Amino acid sequence: MFQALVDGILLGGVYGVIATGLSLVFGVLGVVNFAHAEFLMLGMYVAWFAWRWLGLDPMLGSVLSFIVVFAVGYLVQRTLIERVLKAPPAAQVFLTVGLLIVIENAALMAFGSEFRSVSVPYQVEGYRLGDIFIGAPYLYAFIAAIILAAVLWLYLERSWTGRAIRAVAQDPMASTLVGVDTRRTYALAFGLGVALTAFGGAVILPYITVSPTVGGQFVVLMFTVVVLGGLGSVAGALAGGIVVGVVQSMSTLVFPIQLQNLCLFVIFIAVLALRPQGLIKGA
Amino acid sequence: MLEVCDLSAAYGGPDVLSGVSLEVKAGETVAVLGANTAGKTTLLRAISGLVPKARGHIAFEGTALLGRPAHAIPDLGIGHVPEGRHVFPRMSTLDNLLMGAFCHRDARDLTERIERVFKLFPRVKERQTQMAGLMSGGEQQMISIGRALMGTPKLLLLDEPSHGLAPLVVDELHVAIGEINRQGVSVLLVEQNAMLALSVAHRGYVLEAGHVVLSGTSDELSADPGVRRAYLGI
Ligand SMILES: Nc1ncnc2c1ncn2[C@@H]1O[C@H](COP(=O)(O)OP(=O)(O)OP(=O)(O)O)[C@@H](O)[C@H]1O
Ligand SMILES: [Mg+2]
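Everything in this summary refers to the structure shown in the same document. (Residues numbered from 1 in each chain as written. Chains lettered and ligands numbered in written order. Predicted model: local features only at pLDDT ≥ 70, side-chain atom pairs only at ≥ 80, totals over all residues. Heavy atoms only, no water.)

Re the site of ligand 1
Residues and elements named next belong to chain B.
So, point 1. Around ligand 1, a shell composed of 13 residues is seen, among which Lys-40, Thr-41, Thr-42, Glu-83 and Gln-192 lie nearest.
So, point 2. At a separation of 2.7 Å, an oxygen atom of ligand 1 approaches a polar side-chain atom of Lys-40.
So, point 3. At 2.4 Å from an oxygen atom of ligand 1 is found a side-chain nitrogen or oxygen belonging to Thr-42.
So, point 4. Taking 630 Å² as the accessible area of ligand 1 by itself, protein coverage stands at 61%. (Near = heavy atom within 4 Å. Polar contact = N/O pair within 3.5 Å; in protein donor to acceptor, adjacent residues only side chain to side chain. Areas by Shrake-Rupley, 256 points an atom, 1.4 Å probe, with all protein chains shown as cover.)

Below is the structure:
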């Protein structure tokens, strides 16, 4: 019971960071990015290759994932998403779903369909606290996620460009009138959003294998966290992530593991039914 | 300082402004009067680069403005207080002011500039940590003006700052606008309330259906029978 709670919190912190990326993109651009989980997959591959070719531990490779996927996201925003920012939601859905399919298939072609995993010295290590066992990879991923969330929070609260991102989310016209380049800011926010998720993907590499379809495992989870936590709020997404992590890990005590995602679906639908404004409230 | 020459503008449909020419000299406060949909807001938005289909010529201190990206204009020294205030609702008052300094974010006198805004609007100082969206209309207007001042503009564009506010607050705002002008900032003031506008402005223009139909000093306009009938309700 306690064990499941701790496991859930450790998982959930990472879910929080993964979902913060999605939340940021929606909060600032107003676009529901269905391709978001594909950037998680890209982040995992970057970290995997960094481990394979450079011998980089995924905890460090995650920084590389962040940078590479940020650049990809920035370009995707400037070349594709930007065109549908003012378009009807249907056009945005078509574009991001199309993007999902393209990225997934491109990954399939480039990397093949096999599952890849890393091996790190601490993979089976852990710490024992009384009756509770804390797996080292879970703990490290959790710590990395919390650090990134704190940095992100500071960046959005205190820095000029972070403040500008919040301003553009709230009122693009007024932001322009004080000299903010909104196109650049949108690209920055999108790049940052997918980079956060990619980072989250990289740090879980020691306990989750990567394949071109790994994104599919995370889509429902991400949206559930975002719906729970309220959009655009870093703290909200983190809390939502931890709730989802705990529910997921507790549910394995009661249900067979195959039904883990079912519980998420149920929460997702319950939240939408009871608190539909959750998805609509901005940053 | 600001010269608008033969400006026409449209939002895809018919022209909203046609052949508008006007001028603001350094140190002046100039009013633009006009009824609903006369094109006053469009005029200010065109100056700030927010109307893509504007044609003609706009120069600020000799620099041509049309064709320049809107986000590059505040840096030239133009502050714009938009119609409807447009504060950042989920940001503190202080963050709103800091956003106003975005185009001069490397400057060292940031705290001095904030102090100057607080001196002009003491009420804003009292509420500096509150969310701007939760404040009264008058306070939001002060934040919006303060935010524009944070960019240290040489010219301030004000779009109906008194709209929807209680008379006492309106007086307070107009005292502040006079004070801003005395500190050397030129002002282009759009108001539906002509009496109010002419009481602070040196000169004025009357806009009707996208055309400038009349211009003159505030005294001349206040004495004009047409203006008195249409805008002063006398
Ligand atoms: N974004 C827009 N898209 C299309 N038409 C617009 C837009 N903004 C203004 N218009 C039209 O342009 C005309 C002039 O509008 P504008 O807002 O400039 O007038 P105004 O003088 O500021 O009026 P008010 O006193 O109501 O603020 C109006 O007919 C309006 O419907
Ligand atoms: Mg107007």
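Focus on the coordination of the magnesium ion (ligand 2)
Residues and elements named next belong to chain B.
So, point 1. Distances from the magnesium ion (ligand 2) to its protein donors, Thr-41 (OG1) and Glu-83 (OE), fall within 1.8 to 2.6 Å. Taken together, the positions of Thr-41 in helix α1 (residues 40–47) and Glu-83 in the loop between β6 (78–81) and α2 (93–100) put the pair 42 residues apart, joining distant regions of the chain.
So, point 2. Given a relative accessible area of 37%, Glu-83 falls into the partly exposed group. (Donors = N, O, S within 2.8 Å, 3.2 Å for Na, K, Ca; no water. Helix = DSSP H or I, 4+ residues; strand = E, 2+ residues; numbered from the N terminus. Buried < 20%, exposed > 50% of the residue type's maximum accessible area, 1.4 Å probe, protein only.)

Side note on the pairing of β6(B)
All names here are of chain B.
So, point 1. Covered by surrounding structure in β6 are Ile-78 and His-80 together with Gly-79 and Val-81, the residues of both alternating faces.
So, point 2. Where β6 and strand β7 (residues 155–159) come together, 4 bridges link them in parallel fashion. Paired with His-80 across the two strands is Leu-157, which belongs to β7. (Pairing = 2+ DSSP bridges.)

Topic: empty space enclosed by the protein
So, point 1. A complete count under the given rule lists 3 cavities of 30 Å³ or more for this structure.
So, point 2. As for the largest cavity, its lining consists of 13 residues, and the residues nearest its centre are Leu177(A), Val178(A), Gly79(B), Arg147(B) and Ala148(B).
So, point 3. Of all the elements, β6(B) adds the most residues to the lining of the largest cavity, at 3 residues.
So, point 4. Here the lining of the largest cavity is composed, by residue class, of 8 nonpolar, 4 polar and 1 charged. (1 Å grid on protein atoms, 1.4 Å probe; cavity = no way out; pocket = protein on both sides within 12 Å on 5 of 7 lines; lining within 4 Å. Points joined across faces, edges and corners; volume = space filled by probe spheres on them. Nonpolar A, V, L, I, M, F, W, Y, C, P; charged D, E, K, R; others polar.)

Things to note about the side chain of Gln140(B)
All names here are of chain B.
So, point 1. Position of Gln-140 among the secondary structure elements: in helix α5 (residues 137–149).
So, point 2. What makes Gln-140 buried here is its relative accessible area of 13%.
So, point 3. Residue contacts for Gln-140: discarding those within four places in its chain leaves Arg-85, Val-87, Ala-132, Gly-133 and Met-135. (Contact = heavy atoms within 4.5 Å.)

Points about the pairing of strand β10 (residues 211–217) of chain B
The side chains of a regular strand alternate between the sheet's two faces.
So, point 1. With 6 bridges connecting them, strand β9 (residues 203–208) of chain B and β10(B) associate as antiparallel partners. Along β10(B), the bridge assignment pairs Val206(B) with Leu214(B).

Structural notes on the nonpolar core
So, point 1. Within the largest apolar cluster, 131 residues are counted, with the highest numbers of intra-cluster contacts made by Leu29(A), Phe218(A), Met99(B), Phe121(B) and Leu156(B).
So, point 2. Setting aside chain neighbours within four positions, we find Phe218(A) in contact with Tyr15(A), Ile18(A), Leu40(A), Ile204(A) and Ile208(A).
So, point 3. Listed in part, the 29 residues of the second largest apolar core include Leu2(B), Ala38(B), Ile78(B) and Leu207(B). (Core = buried A, V, L, I, M, F, W, Y, C linked by side-chain atoms within 4.5 Å.)

Regarding the environment of Ala35(A)
Residues and elements named next belong to chain A.
So, point 1. Within the element layout of this structure, Ala-35 appears in the loop between α1 (2–29) and α2 (36–54).
So, point 2. According to the relative accessible area criterion, Ala-35 is buried, its value standing at 0%.
So, point 3. For the pair Ala-35 and Leu-54, spaced 19 residues apart in sequence, the C-alpha to C-alpha distance is 28 Å.
So, point 4. Beyond its immediate sequence surroundings of up to four residues, Ala-35 is in contact with Thr-96, Leu-99 and Leu-100.

Some remarks on the packing of helix α3 (residues 58–79) of chain A against helix α8 (residues 182–203) of chain A
So, point 1. Put simply, α3(A) and α8(A) touch, their axes get as near as 7 Å, and they point 150 degrees apart. Crossing of α3(A) against α8(A): the hand is right-handed. (Axes fitted to C-alpha atoms, helices over the stretch in contact; angles between N-to-C directions. Left-handed = near helix turned anticlockwise from the far one by under 90°.)

Overview of the environment of Ala35(B)
All names here are of chain B.
So, point 1. Considering the arrangement of structural elements, one finds Ala-35 in the loop between β3 (29–33) and α1.
So, point 2. Distance from Ala-35 to Glu-191, taken between C-alpha atoms, is 9.1 Å for residues 156 residues apart in sequence.
So, point 3. Contacts of Ala-35, omitting those with residues within four sequence positions, involve Lys-40, Leu-207 and Tyr-231.

Let's talk about the pattern of salt bridges
Residue and element names in this part refer to chain B.
So, point 1. Inspection of the entire model under this criterion finds 14 salt bridges over all chains.
So, point 2. Note that Arg-55 is salt-bridged to Asp-15, the shortest N-O span being 3.0 Å. One end of the pair, Arg-55, is in strand β4 (residues 55–60); the other, Asp-15, is in strand β2 (residues 15–24), and 40 residues separate them in sequence.
So, point 3. Looking at Arg-55, the relative accessible area reads 42%, which means it is partly exposed. (Salt bridge = Lys/Arg side-chain N within 4 Å of Asp/Glu carboxyl O.)

Any functional reading would require information beyond the geometric quantities listed.
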